[in-house]
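One-letter residues, chain by chain:
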Amino acid sequence: MKFYIATDHAGFHYKNEVKEYLASKGVEVVDLGPETAERVDYPDYARKCAEAVRADEGSFGILICGTGIGISIAANKVEGIRAALCHDAYTAAMSRAHNNAQILCFGERVVGMGVVQSMIDAFIQTPFEGGRHAGRVEKIGAIDMARCSFSADIG
Ligand code: RB5
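Note that this is a predicted model, so its numbers are computed, not measured.

Visitor: Is there a simple way to think about the overall build of the protein chain in this case?
Guide: On a plain count of helices and strands, the protein chain comes out with 6 helices and 5 strands. Sequence-ordered secondary structure for the protein chain, helices as α and strands as β, is β-α-β-α-β-α-β-α-β-α-α. For a compact globule of 155 residues, the expected C-alpha radius of gyration is about 15 Å, and the protein chain comes in at 15 Å, within 12% of that figure. Across the 155 residues in the protein chain, those meeting the buried criterion constitute 46%.

Written out as structure tokens, the structure reads:
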């Protein structure tokens, strides 16, 4: 299992601990930055991580900002990406089971490291259920397709 990880400055302080936790689970981790806690813009790092996950089939991502909101909104703009803003082990598990999310997002100002670890465990251990959920996830993909053809139409 391979994870790409990125944050903004408000999620930066959790990055090393999250990387260590993933490594302790035998997960390969690729750090996409930033390298310091200097102020950065979360869309830049959301895009880096989402594009890396899209290009590397079967990989996953973790994105952290202050609330998890901005970085998840930005990641979901990348075609084919389902980035889930989670707050606990339940939402993290459901993001995999029902939504087949590839990227787990959360806020450093919102959840403590204990909760973060439980979310990571749930995200890693929960497979996509498929079945009735598969058609719904396909419909999310259809929104991407409609958006692309709309952009092409308006040139
Ligand atoms: C940065 O101050 C903060 O706005 C950002 O980390 C995030 O919470 C945005 O959604």
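Visitor: Could you clarify how one ought to interpret the state of the cysteines in this entry?
Guide: Note: disulfide means a covalent bond formed between the sulfur atoms of two cysteine side chains. Scanning the model with the defined rule gives 0 disulfides in all. Of the cysteine sulfurs around C65, a residue in no disulfide, the closest is that of C105, at 7.9 Å. With no disulfide of its own, C86 has C105 as its nearest cysteine by sulfur position, at a separation of 7.6 Å.

Visitor: Looking at this model, I keep getting lost on the site of the ligand. Mind explaining?
Guide: Neighbouring the ligand are the residues D8, H9, A10, Y42, C65, G66, T67, G70 and R109. D8 places a side-chain nitrogen or oxygen 2.6 Å from an oxygen atom of the ligand. A distance of 2.8 Å separates an oxygen atom of the ligand from a polar backbone atom of G70. For the ligand, the protein covers 73% of the area, taking 300 Å² as the surface of the free molecule. Of the residues contributing to the shell around the ligand, the split by class is 3 nonpolar, 4 polar and 2 charged.

Definitions and cut-offs
- Residues numbered from 1 in each chain as written.
- Predicted model: local features only at pLDDT ≥ 70, side-chain atom pairs only at ≥ 80, totals over all residues.
- Heavy atoms only, no water.
- Helix = DSSP H or I, 4+ residues; strand = E, 2+ residues; numbered from the N terminus.
- Rg over C-alpha atoms; globule rule 2.2 N^0.38 Å.
- Buried < 20%, exposed > 50% of the residue type's maximum accessible area, 1.4 Å probe, protein only.
- Disulfide = S-S within 2.5 Å.
- Near = heavy atom within 4 Å.
- Polar contact = N/O pair within 3.5 Å; in protein donor to acceptor, adjacent residues only side chain to side chain.
- Areas by Shrake-Rupley, 256 points an atom, 1.4 Å probe, with all protein chains shown as cover.
- Nonpolar A, V, L, I, M, F, W, Y, C, P; charged D, E, K, R; others polar.

Keep in mind these numbers describe shape, not what the thing actually does.
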